[in-house]
Amino acid sequence: EDQVTQSPEALRLQEGESSSLNCSYTVSGLRGLFWYRQDPGKGPEFLFTLYSAGEEKEKERLKATLTKKESFLHITAPKPEDSATYLCAAPVGGSQGNLIFGKGTKLSVKP
Amino acid sequence: DTAVSQTPKYLVTQMGNDKSIKCEQNLGHDTMYWYKQDSKKFLKIMFSYNNKELIINETVPNRFSPKSPDKAHLNLHINSLELGDSAVYFCASSLMANSEKLFFGSGTQLSVL
């Protein structure tokens, strides 16, 4: 069964304290690994797609990496505005939009 | 301008009632989706339409019926609401069915009493 699992469920950091979020997946015929950010009361917002092991993508303080079994979202010197829930997802079935999501990691960054 | 807008934002109703949630996108996308986020925060796909045609229909009770009058709109009608239907429902769109990037609306929080 296709599955996406994220850890930890919650992460509290001090401003400037770097860390990583984990997404492990078991998806047959992986056609991409997606990262989204979700703020309270809002819908998920697209961050990255990774397609092959070894690939890396960066956006401001965020860097996503992919191996054959998991993906990491590295957050370097986070700021309070990085506080959000980060969701990992993978497409299944015939459509890229048919995503299975992990439960997310709720990140809190304190000043 | 909001790219994907859904109404209402909040919906509180009694068990057994029928209700609708509306969604509109102004991005010119061909494909639209309904996702459900339950109390455990899992997001799960319910339906997808590509150019008004149903392409994804996950295991969802028949009480849920999507309708796409045109490719910019995808509405969700729910009959005979049950307590377990309480959740946040998100509409989303993508350029095409094979597009990697989904644009989500802000969600409709449905509470069934």
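In what follows, the structure referred to is the one given above.
In this text, all values refer to a predicted model and were calculated from it rather than measured experimentally. (Residues numbered from 1 in each chain as written. Chains lettered and ligands numbered in written order. Predicted model: local features only at pLDDT ≥ 70, side-chain atom pairs only at ≥ 80, totals over all residues. Heavy atoms only, no water.)

## Some thoughts on the overall build of chain B
Summing up its helical and strand segments, chain B has zero helices and 11 strands in all. What you see in chain B, going N to C, is helices and strands ordered as β-β-β-β-β-β-β-β-β-β-β. At 13 Å, chain B has a C-alpha radius of gyration in line with the 13 Å of a compact globule built from 113 residues. Dimensions of chain B along its principal axes, counting C-alpha atoms only, are 35 × 30 × 25 Å. By the burial criterion, 42% of the 113 residues in chain B qualify as buried. For chain B, restricting intrachain contacts to residue pairs at least 6 apart in sequence, the fraction spanning at least 24 positions comes to 55%. (Helix = DSSP H or I, 4+ residues; strand = E, 2+ residues; numbered from the N terminus. Rg over C-alpha atoms; globule rule 2.2 N^0.38 Å. Buried < 20%, exposed > 50% of the residue type's maximum accessible area, 1.4 Å probe, protein only. Contact = heavy atoms within 4.5 Å.)

## Here we look at the sheet that holds strand S8 (residues 70-75) of chain A
Residues and elements named next belong to chain A. The strand order across the open sheet built from five strands is S1-S3-S8-S7-S6, with neighbouring strands paired in antiparallel fashion. The open sheet has two edge strands with one neighbour each: strand S1 (3-7) and strand S6 (56-59). For this sheet, the mean inter-axis angle between neighbouring strands, taken without regard to orientation, is 15°. By the bridge criterion, five bridges tie S1 to strand S3 (residues 19-26) in an arrangement that is antiparallel. Within the sheet, the bridge partner assigned to Gln 6 lies in S3 and is Cys 23. (Pairing = 2+ DSSP bridges. Axes fitted to C-alpha atoms, helices over the stretch in contact; angles between N-to-C directions.)

## Remarks on the layout of surface pockets
Each pocket or cavity is described by its volume, and for the largest pocket that value is around 680 Å³. Forming the boundary of the largest pocket are 29 residues, of which Ile 100 of chain A together with Phe 42, Leu 43, Lys 44 and Ile 45 of chain B lie nearest the centre. Within the lining of the largest pocket, the residues separate by chemical class into 12 nonpolar, seven polar and 10 charged. Its boundaries defined by the atoms lining it, the second largest pocket holds a volume of some 560 Å³. Lining of the second largest pocket is provided by 25 residues; of these, Gln 38, Pro 40, Gly 41 and Thr 85 of chain A together with Lys 41 of chain B occupy positions nearest its centre. If you list the elements that add at least two residues to the lining of the second largest pocket, you get strand S9 (84-91) and strand S11 (105-110) of chain A together with strand S9 (87-94) and strand S11 (108-112) of chain B. Partitioned by chemical class, the residues of the lining of the second largest pocket number seven nonpolar, 11 polar and seven charged. (1 Å grid on protein atoms, 1.4 Å probe; cavity = no way out; pocket = protein on both sides within 12 Å on 5 of 7 lines; lining within 4 Å. Points joined across faces, edges and corners; volume = space filled by probe spheres on them. Nonpolar A, V, L, I, M, F, W, Y, C, P; charged D, E, K, R; others polar.)

## A few points about the interface of chain B and chain A
The partner chain A presents 20 residues to the 21 residues of chain B that form the contact. Between chain B and chain A lies a buried interface of about 1700 Å² when both sides are counted; carbon and sulfur atoms form 54% of it. Applying the counting rule to chain B against chain A returns zero salt bridges. Of all the elements in the fold, those that place two or more residues in the side of chain B that touches chain A are strand S4 (31-37) and strand S5 (43-50) of chain B. It is S4 of chain B that contributes the most residues to the side of chain B that touches chain A, three residues altogether. For the side of chain B that touches chain A, a count of residues per class yields 10 nonpolar, five polar and six charged. (Buried area = accessible area lost by both parts, 1.4 Å probe. Salt bridge = Lys/Arg side-chain N within 4 Å of Asp/Glu carboxyl O.)

## A few points about a positive patch on the surface
On the surface, a cluster of positive charge is made up of Arg 12, Lys 106 and Lys 110 of chain A together with Lys 41 of chain B. Turning to its location among the elements, Lys 110 of chain A is positioned in strand S11. (Patch = residues over 30% accessible without salt bridge, like charges linked within 9 Å, V, L, I, M, F, W, Y side chains within 5 Å. Areas by Shrake-Rupley, 256 points an atom, 1.4 Å probe, with all protein chains shown as cover. Lys, Arg positive; Asp, Glu negative; His and termini not counted. Charge placed at Lys NZ, Arg CZ, Asp CG, Glu CD.)

## Observations concerning the pairing of S11 of chain A
Residue and element names in this part refer to chain A. The pairing of strand S2 (residues 10-14) with S11 spans five bridges and is classified as parallel. Residue Leu 11 lies in a different strand from S11, and its bridge partner there is Leu 107. The sheet contact formed by S9 and S11 spans three bridges and is antiparallel. Of the residues in S11, the one forming a bridge with Tyr 86 is Thr 105.

## A word on the pairing of strand S3 (residues 19-25) of chain B
Residues and elements named next belong to chain B. As defined by bridge partners, strand S1 (residues 4-7) adjoins S3 across four bridges and the pair is classed as antiparallel. When the sheet's bridge partners are listed, Thr 7 is paired in S3 with Lys 22. In terms of strand pairing, S3 meets strand S8 (residues 73-78) through four bridges, oriented antiparallel. The residue of S8 that forms the bridge with Lys 19 is Ile 78.

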